[in-house]
Amino acid sequence: MGALNEQEASRLLAGIVIPPRPTVLTAVMEESARELPDSKRITGLIAADVALAAAVLKTVNAPLYGLRRQVTDIGQAVSLLGMGNISTLITALALRTAVAAQGLDRFWDSAARAALVCAYMAKQLGCAAPSDAHLFGLFRDCGIPLMMQRFSDYKDTLRLANAEAERPFTTVEDARHQTNHAIVGSLLAANWNLSEALRVAISAHHDLAVYQSGISPQAMNLVAIGLLSEYIENGYSRLTPNREWDKLGAQTLGHLMLGQLEMEELCRDAHALLEESGL
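From a predicted model like this one, the values you see are computed outputs, not experimental measurements.

About the criteria used
Residues numbered from 1 in each chain as written. Predicted model: local features only at pLDDT ≥ 70, side-chain atom pairs only at ≥ 80, totals over all residues. Heavy atoms only, no water. Helix = DSSP H or I, 4+ residues; strand = E, 2+ residues; numbered from the N terminus. Contact = heavy atoms within 4.5 Å. Areas by Shrake-Rupley, 256 points an atom, 1.4 Å probe, with all protein chains shown as cover. Salt bridge = Lys/Arg side-chain N within 4 Å of Asp/Glu carboxyl O. Buried < 20%, exposed > 50% of the residue type's maximum accessible area, 1.4 Å probe, protein only. Phe/Tyr/Trp six-rings, centres within 6.5 Å; stacked < 30°, edge-to-face > 60°. Axes fitted to C-alpha atoms, helices over the stretch in contact; angles between N-to-C directions. Parallel < 35°, antiparallel > 145°, perpendicular 65-115°, else oblique. Left-handed = near helix turned anticlockwise from the far one by under 90°. Nonpolar A, V, L, I, M, F, W, Y, C, P; charged D, E, K, R; others polar. Polar contact = N/O pair within 3.5 Å; in protein donor to acceptor, adjacent residues only side chain to side chain. Core = buried A, V, L, I, M, F, W, Y, C linked by side-chain atoms within 4.5 Å. pLDDT = per-residue confidence, 0-100.

### So, the overall build of the protein chain
The helix and strand inventory of the protein chain stands at 15 helices and 0 strands. Put simply, of all contacts in the protein chain between residues at least 6 apart along the chain, 65% involve residues at least 24 apart. Within the structure as shown, the protein chain displays about 14000 Å² of accessible surface, and the carbon and sulfur contribution to it stands at 51%.

Encoded structure:
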């Protein structure tokens, strides 16, 4: 999908509220991007937001980090997590808060697990930055809650799209709503100043010709990692069969140069990681 012009963007946005990037996230990201970030300032920004501070402490004390003693100090949490992990964590928390919709806890829990697997796959395969892969896993389907807020019958659309065995998922959405969650998600990503590769990957992740589409290698790798991670997370959560993997699984494994045995080993390792994470 190419860049949207102003008229197309305005039409797509009609009635769909795209939340702005939260101030605290902007401040943390700006500070983290400095050559010498001021960890004390970042600590102060997090500590000033009670909900954010609690979520950061909950994360750093999760089984995934295997700490021997409970961390109760935000400064220590920032030090242990590192600037990259802190930025990703705060982005995830801000997204879940900003794109709130009733009854979507399972959706966000699934996204968190898929994002963790995305980061793991990126590290193991060396085809994307783990931090970018993590953000892609979080933002890939963020348009779904926004579509749900806008269209009262969107749950019916999801049911139909999830059951579609041949056409792209987004084709079902387009037919019913004249837009789709991939486009809406890419608009939110642009609004939050995410990278071009992330925005393109979000918009293209249901394109059945994505590996022949000519998008950047970075965006294409993110799409591939996302599809594999979704397949793994579905298996871990014992969800219904993944139609998207049926449509693009073979192409995805070819793009990532993975054989069946290699994929099965990665699946086992990723399931163990998810079990350890407690997500």
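### Some thoughts on the pattern of salt bridges
Following the criterion strictly, the structure yields 10 salt bridges and no others. Across the salt bridge formed by Glu164 and Arg167, the nearest N and O atoms sit 3.3 Å from each other. Its relative accessible area of 17% is what places Glu164 among the buried residues. Take Arg167: its relative accessible area is 39%, and that puts it in the partly exposed class. In this structure, Arg199 engages Glu196 in a salt bridge whose closest nitrogen and oxygen atoms are separated by 2.7 Å.

### Re the packing of aromatic side chains
Per the counting criterion, the structure on display carries 3 aromatic pairs. With a centroid separation of 4.7 Å and an interplanar angle of 25 degrees, the aromatic rings of Tyr231 and Trp245 are classed as stacked. One end of the pair, Tyr231, is in helix α13 (residues 217-237); the other, Trp245, is in helix α14 (residues 243-256), with 14 residues separating them in the sequence. By relative accessible area, Trp245 is classed as buried at 11%.

### As for the packing of helix α6 (residues 105-125) against α13
Packing of α6 against α13 brings their axes to within 8 Å, and their N-to-C directions diverge by 125 degrees. The angle between α6 and α13 places the two elements in the oblique class. In the crossing of α6 with α13, the sense of the turn from one axis to the other is right-handed. In this structure, α6 uses Ser110, Arg113, Ala114, Val117, Cys118, Met121 and Ala122 to contact α13, whose residues at the interface are Ile225, Gly226, Leu228, Ser229, Ile232, Glu233, Tyr236 and Ser237. Grouping the constituent residues of the contact of α6 with α13 by class yields 9 nonpolar, 4 polar and 2 charged.

### Considering the packing of helix α2 (residues 23-32) against helix α5 (residues 74-98)
Direction vectors running N to C along α2 and α5 enclose 165 degrees, while the axes themselves pass 10 Å from each other. One way to sum up the angle between α2 and α5 is to call them roughly antiparallel. Between α2 and α5 lies a crossing whose hand is left-handed. Counting all contacts with α2, which are made through Leu25, Val28, Met29 and Ser32, the residues of α5 involved are Met83, Ile86, Ser87, Ile90, Thr91 and Ala94. Residues of the contact of α2 with α5, tallied by class, amount to 7 nonpolar, 3 polar and no charged.

### Brief notes about the side chain of Ser229
Mapped onto the elements of the fold, Ser229 is located in helix α13. Since its relative accessible area comes to 0%, Ser229 is described here as buried. A distance of 3.3 Å separates a polar side-chain atom of Ser229 from the backbone nitrogen of Cys118. When neighbours within four sequence positions are excluded, Ser229 is seen to be in contact with Ala114, Val117, Cys118 and Met121.

### Comments concerning the nonpolar core
Counting residues in hydrophobic clusters, the biggest one holds 85 residues, and the most contacted among them are Ile46, Ile86, Leu95, Met121, Phe139 and Leu188. If we ignore the near neighbours within four places in the chain, the residues touching Phe139 are Thr91, Leu95, Leu188, Trp192, Leu194 and Ile202.

### Details of the confidence of the model for the protein chain
Across the protein chain, pLDDT averages 85, with 89% of residues at or above 70. By mean pLDDT, helix α1 (residues 6-13) is the weakest element of the protein chain at 55, and helix α12 (residues 196-204) is the strongest at 95.

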